[in-house]
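Structural overview
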Amino acid sequence: MAGQEDEHDPILDDKKEAEAKSEVCVGGGERDMAPSTSGTSIHRSGSRPQLDLSKAEIQGNLEERDPTILLPNQSDDISHLALDIGGSLIKLLYFSRHEDYSNDGDKRKRTIKERLGITNGNLRSYPVLGGRLHFVKFETHKINECLDFIHSKQLHRRDPYPWSSKTLPLGTGVIKVTGGGAYKFADLFKERLGVSIEKEDEMHCLVSGANFLLKAIRHEAFTHMEGEKEFVQIDPNDLYPYLLVNVGSGVSIIKVDGEGKFERVSGTNVGGGTYWGLGRLLTKCKSFDELLELSQKGDNSAIDMLVGDIYGGMDYSKIGLSASTIASSFGKAISENKELDDYRPEDISLSLLRMISYNIGQISYLNALRFGLKRIFFGGFFIRGHAYTMDTISFAVHFWSKGEMQAMFLRHEGFLGALGAFMSYEKHGLDDLMSHQLVERFPMGAPYTGGNIHGPPLGDLNEKISWMEKFVRRGTEITAPVPMTPSKTTGLGGFEVPSSRGSALRSDASALNVGVLHFVPTLEVFPLLADPKTYEPNTIDLSDQGEREYWLKVLSEHLPDLVDTAVASEGGTEDAKRRGDAFARAFSAHLARLMEEPAAYGKLGLANLLELREECLREFQFVDAYRSIKQRENEASLAVLPDLLEELDSMSEEARLLTLIEGVLAANIFDWGSRACVDLYHKGTIIEIYRMSRNKMQRPWRVDDFDAFKERMLGSGGKQPHRHKRALLFVDNSGADVILGMLPLAREFLRRGTEVVLVANSLPALNDVTAMELPDIVAGAAKHCDILRRAAEMGGLLVDAMVNPGDGSKKDSTSAPLMVVENGCGSPCIDLRQVSSELAAAAKDADLVVLEGMGRALHTNFNAQFKCEALKLAMVKNQRLAEKLIKGNIYDCVCRYEPPSL
């Protein structure tokens with residue numbers, strides 16, 4: 001069909017942007033992205049070895065932009081580079097390798113792994129470096145900048161073997177390329193880089209990239225109706241068939257039936273190129289983005305003939321048409337005595353946009369109807385996150401299907417072709433990716449602001465801090481992905497236009513919704529979830545404007561204290577102050593952006609907000625802001641532990657169990673993430689606060705299932721209970737919380753012959769204890785307790801007689817081990833759809849889960865159901881949360897015991 005030679009190409013735009021960089025982590029952090037300059041050129045694709053995905057993990061700093069993937073053990077040659085060269089943009093994907101610093105020789109780690117039957121996991125403070133997939137964009141008319149970028153990083157001549165320093169001669173490398181530029185620029189690549197281009201079919205790459213994203217990314221697809229974005233969970237096992245509509249210069253409509261099974265069933269030459277071409281002729285706009293911006297200020301009723309114009313302002317209700325429905329695009333131009341100059345360019349642009357979008361929506365609906373499909377996914381740079389466009393297409397599909405079909409859009413759609421080209425290598429290693437192995441992070445950086453960004457991507461932390469300082473001095477506001485201004489626009493359905501503060505629409509607006517996708521093969525779904533498909537970790541729904549505004553304000557008000565603590569943890573140096581200031585500005589910008597567009601980073605929950613804060617801290621190299629505070633509180637708590645254990649041992653079994661639960665709840669008051677608790681710290685010592693909290697423990701608690709738990713533990717009516725086989729104790733804060741609360745509870749399970757696994761964070765978050773810190777804490781406690789000492793030795797926590805027999809407890813004999821595993825995250829909350837392989841392995845024999853603390857038992861997982869028994873313990877340290885969740889007050893307690901969910 002005429003006008004469709006380059007349907008996959010994005011529409012032309014003259015955006016004066018040199019480069020917007022984004023990355024997909026194959027599990028890694030934000031480090032120097034340039035690979036070694038010594039390397040070999042790429043071999044032919046047919047013999048590419050498989051990527052080694054084993055032991056890939058998150059590396060300390062967990063940010064960049066657009067998906068990355070960290071592979072620690074990659075040593076073979078892999079497909080280093082793939083491109084999608086369209087009419088206006090070049091999308092480039094490349095693989096980088098990093099040295100593996102992991103050390104799996106620690107005796108303690110080996111002992112725990114052997115007991116849990118783990119062969120591939122490992123316990124470490126900060127995960128290893130490995131490999132990543134990076135995504136970068138260039139304007140096609142600046143092809144030489146793209147070639148310079150490839151050359152500067154030696155992407156075309158990489159050494160595929162880490163132990164080798166040789167470089168193969170030029171002229172032997174091959175790069176996978178899709179898009180029209182694969183033909184147009186083949187000679188230029190050979191001339192400038194000495195590499196050959198292997199051309200890949202555009203349609204195949206497009207479908208391959210879409211299949212991968214829809215299977216691998218949990219919140220990839222979303223609907224967009226009347227300015228509201230809603231994410232749709234796609235079941236990877238129920239993905240096919242679907243309709244993929246790619247709107248570039250023209251439109252291709254593809255029916256996808258499975259991996260490698262697809263057919264182009266229709267298309268139209270009226271697409272993005274039509275909009276830009278006619279718009280340029282009619283409005284004299286010099287760029288595609290300028291044309292889109294005009295549409296935001298337009299009123300299409302000034303030029304379109306509406307149903308109301310025909311029927312005297314009335315609806316044509318008999319056939320379901322409202323007065324604002326467009327009867328004829330540009331219809332008023334034939335009945336008015338006006339010339340082109342008499343019409344506002346804004347009105348022309350909007351009328352044109354709606355005409356083409358409605359047409360695309362209707363043709364897509366008819367094809368879906370033809371094949372009996374309910375789901376239609378739209379992609380292509382005509383859409384590029386533009387709210388009007390998505391709303392118009394969505395309304396057309398909804399209107400014609402009478403609500404039976406949905407138009408869905410893809411967050412990563414800009415890189416479908418490049419990703420598909422990468423996957424066209426015979427062995428790319430991404431076939432078996434699961435959504436729970438992908439973790440998306442959102443760093444702060446130049447691509448997140450309004451206006452034009454020139455020059456290379458930010459290469460290191462100092463560049464990022466300098467940019468942040470300049471960014472703030474200019475007073476530039478963070479820009480929402482689809483900046484608009486309110487108008488009186490009318491059209492099909494007559495809905496209002498969403499508004500935002502931004503003042504410039506970027507050509508990669510849709511990509512602003514995309515973060516860094518870390519590939520972590522060691523993450524698994526927690527096997528004890530009753531129904532992983534319906535599990536939702538977040539208890540608080542931040543799609544509610546009131547809730548969102550409240551929690552964003554809470555985080556903003558807590559920011560100064562957090563910055564002071566972070567800077568103090570680094571000795572208060574000038575460098576730390578500078579990084580602290582940059583962190584505060586960056587996180588404030590994140591909060592401002594989320595206030596404007598809650599769905600900017602995907603589906604937003606309170607857990608996501610809290611994790612974003614921790615990631616932002618790590619981005620500016622504050623790895624453990626509460627390190628010194630945790631150490632001080634641990635020492636103070638260990639000093640009084642012997643007296644507490646002696647007191648517990650003097651009690652009856654029933655009194656001891658109640659005191660233990662009271663102790664967990666009382667000790668959970670120590671939370672540096674709570675404003676109220678921070679105020680308490682200024683009024684007394686840790687022990688004084690703990691004793692005060694314990695003295696106020698009076699039943700009934702706000703949620704009080706203690707009697708049911710006591711009956712399960714101690715039995716009733718002379719009936720003896722069976723002991724738990726293994727208990728997973730998810731611990732929360734350092735200091736009194738873990739030492740005076742959770743460790744004594746763990747000791748009680750151990751003395752009853754129950755195996756205990758303490759589950760702690762992989763990375764620091766606030767004053768939460770980490771899996772790397774727990775063995776030393778247990779060792780300190782074991783000096784005063786034979787039960788803990790013997791259990792810790794059996795569990796591999798104490799090596800080479802690290803402690804002497806205790807003298808502060810009864811000599812209860814126990815054969816149950818005490819173990820520690822990391823949970824796979826670095827947040828105050830936990831999403832049980834993504835836990836470490838160590839935790840998943842430990843869970844397989846567990847029959848009790850104990851979730852402790854606000855973050856893990858209230859903010860998340862309060863409503864979670866498990867295949868085994870569950871005990872949720874927390875003190876509520878936020879008044880709004882208390883009112884919302886348990887209809888109570890601050891410092892109320894939760895003791896919720898739940899039998900297995902059938």
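A brief structural summary. All values reported here derive from a predicted model rather than from experimental measurement.

1. Examining the overall build of the chain
Each helix and strand in the chain was counted, giving 26 helices and 26 strands. Taken over 902 residues, the chain has a buried fraction of 63%. In the form shown here, the chain has an accessible surface area of approximately 32,900 Å², with 49% of it arising from carbon and sulfur atoms.

2. Points about the nonpolar core
Ranked by internal contacts, the top residues of the largest apolar core, which has 74 residues, are Phe526, Leu609, Leu728, Phe730 and Phe866. The contact partners of Leu728, leaving out residues within four places of it in the chain, are Phe526, Leu528, Val757, Val759, Leu839, Ala842, Ala843, Ala846, Leu848, Val849 and Val850. Of all hydrophobic cores here, the second largest spans 61 residues; its members include Met697, Leu745, Val756 and Ile777.

3. Here's the deal with the sheet that holds strand β9 (residues 242-247)
Sheet architecture is open: seven strands sit in the order β8-β7-β15-β14-β9-β10-β11, paired in mixed fashion. Of all the strands in the sheet, just β8 (228-232) and β11 (261-268) have a single pairing partner and so form its edges. Pairwise comparison of adjacent strand axes, ignoring direction, gives a mean angle of 30° for this sheet. In this structure, strand β7 (residues 221-225) lies alongside β8, joined through five bridges in antiparallel fashion. By the bridge assignment for β8, Met225 is matched with Glu228.

4. Side note on the pairing of strand β22 (residues 818-822)
β22 sits mainly inside the fold: five of its five residues count as buried. The two faces of β22 match: Leu818, Val820 and Glu822 on one face and Met819 and Val821 on the other face are all buried.

5. Concerning the environment of Ala874
When you line up the elements, Ala874 lands in strand β25 (residues 869-875). Along the chain, Ala874 and Asp732 lie 142 residues apart, while their C-alpha atoms are 9.8 Å from each other. Ala874 has contacts with Leu665, Asn668, Gly853, Met854, Ala857, Leu858, Asp892, Cys893 and Val894, leaving out every residue within four places of it along the chain.

6. Focus on helix α4 (residues 186-193)
Of the residues making up α4, those classed as buried are Ala186, Phe189 and Leu193. Here the buried residues of α4 occupy an arc of 70° about the axis, which is enough to place them on one side. Pointing more than 90 degrees away from the buried face of α4 are the exposed residues Asp187 and Glu191. At the C-terminal side of α4, Gly194 shows a positive phi close to 70°.

7. Re the packing of helix α17 (residues 653-667) against helix α20 (residues 706-714)
In the contact formed by α17 and α20, the axes pass within 11 Å of each other and the chain directions differ by 130°. With respect to α20, the axis of α17 lies oblique. At the point where α17 passes α20, the crossing takes the right-handed sense. Residues Glu653, Glu654, Leu657, Leu658 and Ile661 of α17 pack against Phe706, Phe709, Lys710, Met713 and Leu714 of α20. Its residues placed into classes, the contact of α17 with α20 shows seven nonpolar, no polar and three charged.

8. Looking at the pairing of strand β2 (residues 81-85)
Most of β2 sits out of view: five of its five residues are buried. Where burial is concerned, the two faces of β2 agree: the one with Leu81, Leu83 and Ile85 and the one with Ala82 and Asp84 are both buried. Pairing analysis gives three bridges linking β2 to strand β5 (residues 173-178), with the strands arranged parallel. Within β5, the residue paired with Leu83 across the bridge is Val177.

9. Observations regarding the side chain of Arg579
Mapped onto the secondary structure, Arg579 falls in helix α14 (residues 574-596). At a separation of 3.1 Å, a polar atom in the side chain of Arg579 contacts the main-chain carbonyl oxygen of Phe620.

10. A short note on the environment of Ala771
Positionally, Ala771 belongs in the loop between β21 (755-760) and α22 (774-782). Residue Ala771 is classed as buried on the basis of its relative accessible area, which comes to 11%. As for Ala771 and Glu822, which are separated by 51 residues in sequence, their C-alpha atoms are 5.1 Å apart. The contact partners of Ala771, leaving out residues within four places of it in the chain, are Ala760, Asn761, Val820, Val821 and Glu822.

11. Looking at the pattern of salt bridges
Summed over all chains, the structure comprises 41 salt bridges. Its salt-bridge partner being Arg579, residue Asp575 comes within 2.9 Å of it at the nearest N-O pair. Separated by four residues within a single helix, Asp575 and Arg579 lie in helix α14, roughly one turn from each other. With its nearest N and O atoms 3.5 Å apart, the salt bridge here joins Arg789 to Glu793. With Arg789 and Glu793 both in helix α23 (residues 786-794) and four residues apart, this pair spans about one turn of that helix. Judged by its relative accessible area of 34%, Glu793 falls in the partly exposed class.

Cut-off values and rules
Residues numbered from 1 in each chain as written. Predicted model: local features only at pLDDT ≥ 70, side-chain atom pairs only at ≥ 80, totals over all residues. Heavy atoms only, no water. Helix = DSSP H or I, 4+ residues; strand = E, 2+ residues; numbered from the N terminus. Buried < 20%, exposed > 50% of the residue type's maximum accessible area, 1.4 Å probe, protein only. Areas by Shrake-Rupley, 256 points an atom, 1.4 Å probe, with all protein chains shown as cover. Core = buried A, V, L, I, M, F, W, Y, C linked by side-chain atoms within 4.5 Å. Contact = heavy atoms within 4.5 Å. Pairing = 2+ DSSP bridges. Axes fitted to C-alpha atoms, helices over the stretch in contact; angles between N-to-C directions. Arc of directions from axis to C-beta. Parallel < 35°, antiparallel > 145°, perpendicular 65-115°, else oblique. Left-handed = near helix turned anticlockwise from the far one by under 90°. Nonpolar A, V, L, I, M, F, W, Y, C, P; charged D, E, K, R; others polar. Polar contact = N/O pair within 3.5 Å; in protein donor to acceptor, adjacent residues only side chain to side chain. Salt bridge = Lys/Arg side-chain N within 4 Å of Asp/Glu carboxyl O.

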